[in-house]
Amino acid sequence: MADLNDPRTYWWRNAVVYQVYVRSFADSDGDGIGDLPGITSRLPHLADLGVDALWITPFYTSPQHDHGYDVADYRDVDPLFGTLSDADDLVARAHELGLKVVVDLVPNHTSDQHEWFQAALAAGPGSPERARYLFRDTPEGKPAGTPPNNWESVFGGPAWTQVDDGQWYLHLFDSTQPDLDWRNPEVPAMFEDVLRFWLDRGVDGFRVDVAHGLFKEASLRDQIVAEGGRASSGQVNTDHSMVSRDLKDEPMWDQPEVHEVYRAWHRVLDEAGPDRMAVAEAWTQTPESMAAFVRPDELDQAFNFAWLLTDWSAEAFATVITDTLAAVEPVGASPTWVLSNHDVVRHVTRYGGGARGLARGRAATLAMLALPGSSYLYQGEELGLEQVDVAPEDRQDPSYLRTGEVGRDGCRVPIPWGGSEAPYAFGPGEGQPWIPQPEDWASLTVDAQTGAEGSTLEFYRAALAARRDFAWTAGEDVEMLDLGADVLAFRRGHITVVLNCGEAPVPLPAGDLLLASAPVDGGELPGDTAAWLR
Ligand code: NOJ
Ligand code: MG
């Protein structure tokens, strides 16, 4: 029987995984865009921070219409980011530093520049080339210009684009990201090869983009839309509000056939060794449907967006914890927690911004890091970065270009490493990188925060160091404690966690104070603060 508690094999089950958004982490060549050698040069920062792994967003050949989530060649590196040999160097250096490497896999759609899509356009209606995608005609009896159904793109506007010969192709995202037809056996075969390609290069895992997509209801019927609603599925928040999780009719998402794909991938990963993993980005509608992706013979983990979508409320946090643990327990998967990523408004800003948003962000992080399972961190949160208000002329997110609504650029601003003005040592270049950095970031750089008492960076380092002592030994049971309506409190092993979501200080329970998200004295925990006690 496998010992799931062995960190050497099942390292991801209690890992802290740091998300690197390639374009914005570190630039090696001065073009203002982050790249693979840039990441390699900054790996010591991740080792010092104390994370276990990094997940790198797509760096494959791509016209960059969705910043790499539009892949033209799954087996090569975009020249913007380096070469295959740079990727090998990155993996080797990370392993030397004891860091695992997770790469992004984008199986729901390709770029329109992928050779398959180019061949599909050239070959015309009814061809085997078109059958790798979802090409359809205008419905019979409908006026020309009527798309095959009422689905909308996650990025706004219709999910169908018409080509010169009159056929339409489906794209749940940008029109440059045509959806593949996963019922065509060539498609799963190609992706199994891609998995093997990267496993052979030594990567430790995959983050599966849009893992709940892939299959659409075969009829491609209209979506039933509630009155006043829109025929779309909220996935990416574009308006600084969080997406609604009311149950909806979703014939384009979370179809039962998708699980057969993950069973096959499980076998491919196993061939490479028991220590390779995959984590699903699956915006499913319930914790139970999320758990289906992490059954023992499927993927290993799924992002738990419920944690990120939760309002600042002790009761809401408690509900998410209880529901999440209850959902993954029957399938034996380890839970995951995440507060920010490259698709959502940074959590310091979501929690109100400024000193209060930062206090809450640190407190929520401390509570998260004590929970069983894995925490996924997003680059820059260890610096306390806020969402940036990117000027309209600098916005590049395809969702902004399609809808005119503020997109995701504000959480993708390049990381400030040092210095007192842009590019804050992001790279050797002068002046602003691909998205301009704010003028007031000098005090937030890695250099400025290193060794500075009370800095967010030193807080993260201390929390990750303390977590190491118990992450693998404190067990998976969480006992919720009642310390009042505004307080989230739980015990896990010998650690007691208290998060005060209210404004008034609350008395701390008995125990030695290990760490707090803000200064604590007199046995009371201030509002918007969390503490670990032993
Ligand atoms: C989810 C990714 O996180 C997001 O950035 C991307 O735009 C969509 N999937 C489409 O690939
Ligand atoms: Mg560069």
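Note that the structure is a prediction, hence the values are computed from the model and not measured. Throughout, a residue's number is its position along its own chain's written sequence, starting from 1. Ligands are numbered from 1 and chains lettered from A, in the order in which they are written. The predicted origin of the model limits local features to residues at a pLDDT of at least 70 and limits the giving and counting of side-chain atom pairs to 80 or more, whereas totals for whole chains, interfaces and linings rest on all residues. Note that the side-chain values use all heavy atoms of the structure and ignore hydrogens as well as water.

Focus on the overall build of the chain
Segments assigned H or I by DSSP are reported as helices when at least four residues long, segments assigned E as strands when at least two residues long, and all are numbered from the N terminus. For the chain, the count of helices and strands is 14 helices and 20 strands. For a compact globule of 534 residues, the expected C-alpha radius of gyration is about 24 Å, and the chain comes in at 23 Å, within 12% of that figure. Contact definition: two residues touch when any of their heavy atoms are within 4.5 Å. In the chain, the share of contacts with a sequence separation of at least 24, taken over all contacts with a separation of at least 6, comes to 67%. To measure how exposed things are, a 1.4 Å probe is used in the Shrake-Rupley method; for residues, cover is taken only from the protein chains shown. Total accessible area on the chain is roughly 19700 Å²; 50% of this is exposed by carbon and sulfur atoms. Charge assignment: positive for Lys and Arg, negative for Asp and Glu; neither His nor the chain ends contribute. Positions of charges follow a simple convention, taking NZ of Lys, CZ of Arg, CG of Asp or CD of Glu. Looking at charge distribution, the chain has the averaged site of its 39 positive side-chain charges lying 3 Å from that of its 85 negative ones. Here the radius of gyration uses the C-alpha set of atoms, whereas the globule reference equals 2.2 Å times the residue count to the power 0.38.

A closer look at the coordination of the magnesium ion (ligand 2)
Only N, O and S atoms count as donors, using a 2.8 Å cut-off from the metal and 3.2 Å for Na, K and Ca, and because water is excluded some sites may appear unfinished. Every protein donor of the magnesium ion (ligand 2) is listed here as D27 (OD), D29 (OD), D31 (OD), I33 (O) and D35 (OD), and their distances to the metal cover 2.2 to 2.3 Å. Summarised as a motif, the one-chain spacing of the donors to the magnesium ion (ligand 2) is D-x1-D-x1-D-x1-I-x1-D. Exposure classes here rest on a 1.4 Å probe applied to the protein chains alone. A residue is buried below 20% of its type maximum, exposed above 50%, and partly exposed in between. Look at D27 and you get buried, because its relative accessible area is 6%. On the basis of relative accessibility, which here comes to 47%, the residue D29 falls in the partly exposed class.

What about the domain arrangement of the chain?
Throughout, the edges of the domains are those of an automatic or database domain assignment. You can read the domains of the chain as domain 1 (11–111 + 184–464) and domain 2 (477–533). Centre-to-centre, using C-alpha coordinates, domain 1 lies 29 Å away from domain 2. In short, buried area is how much 1.4 Å probe accessible area vanishes from two parts on joining, totalled over both. Of the roughly 1800 Å² buried at the junction of domain 1 and domain 2 (both faces included), carbon and sulfur atoms supply 71%. Area buried by domain 1 at its contact with domain 2 is led by A314, L366 and A370, which between them contribute 29% of it. Salt bridges are defined as contacts in which a side-chain nitrogen from Lys or Arg sits within 4 Å of a carboxyl oxygen from Asp or Glu. Scanning the region where domain 1 abuts domain 2 turns up 3 salt bridges. The residue R356 makes a salt bridge to E503 at a minimum N-O spacing of 2.7 Å. As used in this structure description, the phrase polar contact means that two N or O atoms lie within 3.5 Å; if the pair is within protein, one of them must be able to donate a hydrogen and the other to accept it, and residues adjacent in sequence are counted only when both atoms belong to side chains. Seen at the junction of domain 1 and domain 2, the total is 8 residue pairs in polar contact (both at pLDDT 80 or more). For the side of domain 1 that touches domain 2, the elements supplying multiple residues, two or more each, are α9 (314–328), α11 (354–369) and α14 (456–468).

Quick word on helix α3 (residues 84–96)
Expected helix span is taken as 1.5 Å per residue step, with the number of steps being one fewer than the number of residues. Compared with an ideal rise of 1.5 Å per residue, which puts 13 residues at 18 Å, α3 spans 19 Å between its outermost C-alpha atoms and is within 8% of the ideal. Looking at α3, one finds that the buried residues are D86, A87, L90, V91 and A94. The buried residues of α3 occupy an angular sector of 140° when the element is viewed end-on, so they sit on one face. Against α1 (36–41), α2 (43–49), β2 (53–56), β4 (73–77), β5 (100–105) and α5 (186–200) lie the buried residues of α3. Looking one or two places after α3, you find G98, whose phi comes out positive at around 80°. As used here, the arc is the angular range of directions from the helix axis to the C-beta atoms.

A closer look at the packing of aromatic side chains
Pairing of aromatic side chains requires ring centres within 6.5 Å, counting the rings of Phe and Tyr and the six-membered ring of Trp. Pairs whose planes differ by under 30 degrees are stacked, by over 60 edge-to-face, and all others tilted. Enumeration over the complete set of coordinates arrives at 29 aromatic pairs. Here F459 and Y460 contribute two aromatic rings whose centre-to-centre distance is 5.8 Å and whose plane-to-plane angle is 85°, an arrangement assigned as edge-to-face. Look at F459 and you get buried, because its relative accessible area is 6%. For Y460, a relative accessible area of 2% corresponds to the buried category. Site record: aromatic cluster; members linked through ring pairs are Y74, W182, F191, Y262, W265 and F293. The rule is short: NZ of Lys or CZ of Arg within 6 Å of the ring centre and within 35 degrees of the ring normal puts a charge over the ring. In this arrangement the basic side chain of R23 is found over the ring face of W434, its NZ or CZ atom lying 4.2 Å from the centre. Here the basic side chain of R395 rests over the ring of Y400, its NZ or CZ set 5.0 Å away from the ring centre.

Describing the site of ligand 1
Looking at ligand 1, there are 14 residues lining it, with D66, R207, D209, H342 and D343 nearest. One nitrogen or oxygen atom from the side chain of R207 is found 3.0 Å from an oxygen atom belonging to ligand 1. Following the grouping adopted for this structure description, the nonpolar residues are Ala, Val, Leu, Ile, Met, Phe, Trp, Tyr, Cys and Pro, the charged ones are Asp, Glu, Lys and Arg, and the polar ones are all others, Gly among them. Grouping the amino acids of the shell around ligand 1 by side-chain chemistry returns 4 nonpolar, 3 polar and 7 charged. By convention in these notes, a residue is near a molecule or strand provided one of its non-hydrogen atoms lies within 4 Å of it.

Thoughts on the sheet that holds strand β10 (residues 277–280)
Two strands pair if DSSP finds at least two bridges between them. With respect to topology, 8 strands assemble into an open sheet ordered β11-β10-β9-β5-β2-β1-β13-β12, the strand pairing being parallel. Of all the strands in the sheet, just β11 (301–302) and β12 (336–338) have a single pairing partner and so form its edges. The pairing of strand β1 (residues 16–20) with strand β13 (residues 374–378) spans 4 bridges and is classified as parallel. Directly across from V17, in β13, lies its bridge partner Y376. Lines fitted to C-alpha atoms define the axes here, with helix axes fitted over just the stretch in contact, and angles between the N-to-C directions of these axes take values from 0 to 180 degrees. Together, β1, β12 and β13 form the strand contacts of α11, whose direction differs from that of β13 by roughly 150°.

Topic: the environment of D193
Within the secondary structure, D193 sits in helix α5. For D193, a relative accessible area of 40% corresponds to the partly exposed category. Remark: the alpha-carbon pair of D193 and N500, spanning 307 residues in sequence, is separated by 49 Å.

Quick look at the side chain of T310
Along the chain, T310 turns up in the loop between α8 (305–309) and α9. Given the relative accessible area of 10%, T310 is considered buried. Of the polar contacts made by the side chain of T310, one reaches the backbone oxygen of A306; its length is 2.5 Å. Setting aside residues up to four positions removed in sequence, T310 forms contacts with A316, F317, V320 and Y351.

Structural notes on the pattern of salt bridges
Overall, the coordinates contain 31 salt bridges when judged by the stated rule. Among the ionic pairs, E260 bridges to R263, the shortest N-O distance being 3.1 Å. Of this pair, E260 and R263 both sit in helix α6 (residues 258–272), 3 residues apart, which is roughly one turn of that helix. Here the salt bridges do not stand alone but share partners, grouping D66, D343, D397, R408 and R412 into one network.

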